[in-house]
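What follows is each chain in one-letter form.
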Amino acid sequence: MLLTPEESINIQNNIGADIIMALDDVVKTTITGPRIEEAMYRTLRWIDRCIAAHKKPDVQNLFGIVQGGLDPVLRDICVRGLVERNLPGYAIGGLAGGEDKDSFWRVVAQCTAGLPEDKPRYVMGVGYPLDIVVCSALGADMYDCVYPTRTARFGSALVPEGVLKLKQNAMATDERPIDPSCPCMVCKNYTRAYLHCLVTKDPMGSQLLSYHNLSFMARLSRDLHMSILEGRFPEFVRGFLRVQFPKGDVPKWVHNAMEVAGIDISECCTPTNCQHDAMEAAGVDISEFCPPTRCP
């Protein structure tokens with residue numbers, strides 16, 4: 001099957017979506033060498049063909065996709081090239097493909113800094129709640145991911161503290177809802193014990209967990225959005241991290257990303273975490289004294 005930029009846009013014009021994506025050449029971020037550069041320049045060439053083929057620019061918003069792997073120079077070239085086209089919105093592609101988290105957030109930060117603030121900035125393939133909060137702090141606006149429904153099929157429910165695994169034997173006698181604070185239909189009507197029975201035997205279990213997980217993500221998005229509108233986003237981030245990491249073991253990459261975003265999360269970290277960063281800045285290696293979660 002041959003899919004050209006022109007045919008891709010023609011299909012999306014016929015579907016009638018409000019937002020349509022340019023055809024890009026995407027490679028895994030774990031790949032190195034000339035293939036990354038080849039894909040980035042091909043993506044830039046294809047965006048012009050997509051623009052020329054777009055028949056409904058007044059009603060459908062064509063987003064370009066920033067490529068370039070983990071190479072900051074290639075990412076910068078692609079960002080500048082897409083911004084010159086003055087598109088309705090921009091996506092950051094090629095991430096969430098196995099790269100380390102420290103590289104992940106740095107690419108997002110670089111791209112959002114170079115893309116227009118008055119246009120939507122969309123991180124493709126990102127759906128973990130922690131990643132969404134971090135990327136939002138770095139300036140991203142939109143996300144997409146199959147994570148809420150995929151993890152539901154594996155018997156896991158999203159909760160403020162992280163993930164609740166309903167297949168575990170301990171769930172068999174737990175009469176509580178998935179999340180007592182959740183207003184969704186599943187939490188109002190089903191216990192963990194009942195869902196445990198379903199997810200191990202009946203496809204209905206994954207459907208109910210999908211319903212809950214989508215409800216969780218919708219509430220997270222709403223609360224995050226409202227905190228920005230009301231000027232209390234830093235407080236929202238700190239509250240989110242306190243619940244996710246009650247022991248104060250916030251990953252180093254999150255700490256670094258929040259520092260770049262200008263959000264102080266020191267109160268969410270244990271004193272050991274803060275001292276670790278001070279020692280690192282001084283060039284002193286103390287990793288042998290830190291728990292594995294602190295020094296990945």
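Residues numbered from 1 in each chain as written. Predicted model: local features only at pLDDT ≥ 70, side-chain atom pairs only at ≥ 80, totals over all residues. Heavy atoms only, no water.

1. Observations concerning the overall build of the chain
Consideration 1: Secondary structure assignment for the chain yields 12 helices and 7 strands.
Consideration 2: The C-alpha radius of gyration computed for the chain amounts to 21 Å, which stays within 12% of the reference 19 Å derived for 296 residues, consistent with globular compactness.
Consideration 3: Considering only C-alpha atoms, the chain reaches an extent of 60 × 55 × 40 Å along its principal axes.
Consideration 4: Burial status across the chain gives 48% buried among its 296 residues. (Helix = DSSP H or I, 4+ residues; strand = E, 2+ residues; numbered from the N terminus. Rg over C-alpha atoms; globule rule 2.2 N^0.38 Å. Buried < 20%, exposed > 50% of the residue type's maximum accessible area, 1.4 Å probe, protein only.)

2. Focus: the nonpolar core
Consideration 1: The biggest cluster of nonpolar side chains holds 61 residues, and the ones touching the most others in it are Leu241, Val254, Met258 and Ile265.
Consideration 2: Residue contributions to this core peak at 8 residues, all from helix 2 (residues 34-53).
Consideration 3: There are two domains that each give this core at least three residues, and those are domain 1 (5-124) and domain 2 (148-218).
Consideration 4: Non-local contacts of Val254, meaning those with residues more than four positions away in its chain, are made with Leu130, Val134, Leu241 and Ile265.
Consideration 5: Membership of the second largest hydrophobic core comes to 16 residues, among which are Ile178, Val186, Leu208 and Leu209. (Core = buried A, V, L, I, M, F, W, Y, C linked by side-chain atoms within 4.5 Å. Domains from an automatic or database assignment. Contact = heavy atoms within 4.5 Å.)

3. Here's the deal with the packing of helix 9 (residues 204-229) against helix 10 (residues 233-244)
Consideration 1: Close contact between helix 9 and helix 10 brings their axes to 7 Å; oriented N to C, the two are set at 145 degrees. When helix 9 is examined against helix 10, the residues Leu220, Asp223, Leu224, Ser227 and Ile228 are found in contact with a partner set consisting of Phe233, Phe236 and Phe240. (Axes fitted to C-alpha atoms, helices over the stretch in contact; angles between N-to-C directions.)

4. Points about the domain arrangement of the chain
Consideration 1: The domain architecture assigned to the chain consists of domain 1 (5-124) and domain 2 (148-218).
Consideration 2: Taking the mean C-alpha position of each, domain 1 and domain 2 sit 35 Å from one another.

5. Points about the sheet that holds strand 4 (residues 121-123)
Consideration 1: What the 5 strands build is an open sheet, ordered 1-2-3-4-5; its pairing is parallel. Of all the strands in the sheet, just strand 1 (19-21) and strand 5 (142-143) have a single pairing partner and so form its edges.
Consideration 2: Two strands pair when backbone bridges link them, and strand 2 (residues 61-66) and strand 3 (residues 89-92) are joined in this way by 4 bridges, in the parallel orientation. Paired with Phe63 across the two strands is Gly89, which belongs to strand 3.
Consideration 3: Relative to strand 2, helix 3 (residues 72-84) is tilted by about 160 degrees, and along the sheet it contacts strand 2 and strand 3. (Pairing = 2+ DSSP bridges.)

6. A look at the packing of helix 5 (residues 129-137) against helix 11 (residues 252-261)
Helix-helix packing is characterised by the crossing angle of the two axes and by the distance between the axes.
Consideration 1: Contact geometry of helix 5 with helix 11 gives a least axis separation of 9 Å together with a crossing angle of 25 degrees. By the angle class used here, helix 5 and helix 11 are roughly parallel. Two packed elements cross with a definite hand, and for helix 5 against helix 11 that hand is left-handed. Mapping the contact onto sequence places Leu130, Asp131, Val134 and Ala137 in helix 5 and Trp253, Val254, Ala257, Met258 and Ala261 in helix 11.
Consideration 2: Residues belonging to the contact of helix 5 with helix 11 are distributed by class as follows: 8 nonpolar, no polar and 1 charged. (Parallel < 35°, antiparallel > 145°, perpendicular 65-115°, else oblique. Left-handed = near helix turned anticlockwise from the far one by under 90°. Nonpolar A, V, L, I, M, F, W, Y, C, P; charged D, E, K, R; others polar.)

7. A short note on the packing of aromatic side chains
Consideration 1: Applying the stated criterion to the full structure yields 4 aromatic pairs.
Consideration 2: Arranged with centres 6.5 Å apart and planes meeting at 75 degrees, the rings of Phe104 and Trp253 form a pair that is edge-to-face. In this pair, Phe104 is assigned in helix 4 (residues 101-114) and Trp253 in helix 11, connecting sequence segments 149 residues apart. Considered together, Phe104 and Trp253 belong to a single accessibility category, that of buried residues.
Consideration 3: Lys101 extends its terminal NZ or CZ atom over the ring of Phe104, reaching a point 5.0 Å from the ring centre. (Phe/Tyr/Trp six-rings, centres within 6.5 Å; stacked < 30°, edge-to-face > 60°. Lys NZ or Arg CZ within 6 Å of the ring centre and 35° of its normal.)

8. Some remarks on helix 11
Consideration 1: Burial analysis of helix 11 places 7 of its 10 residues in the buried class, which makes it a mostly covered element.
Consideration 2: The set of residues buried in helix 11 consists of Lys252, Trp253, Val254, His255, Asn256, Ala257 and Met258.
Consideration 3: Positive phi appears at Gly262, one or two residues downstream of helix 11, with a value of about 80 degrees.

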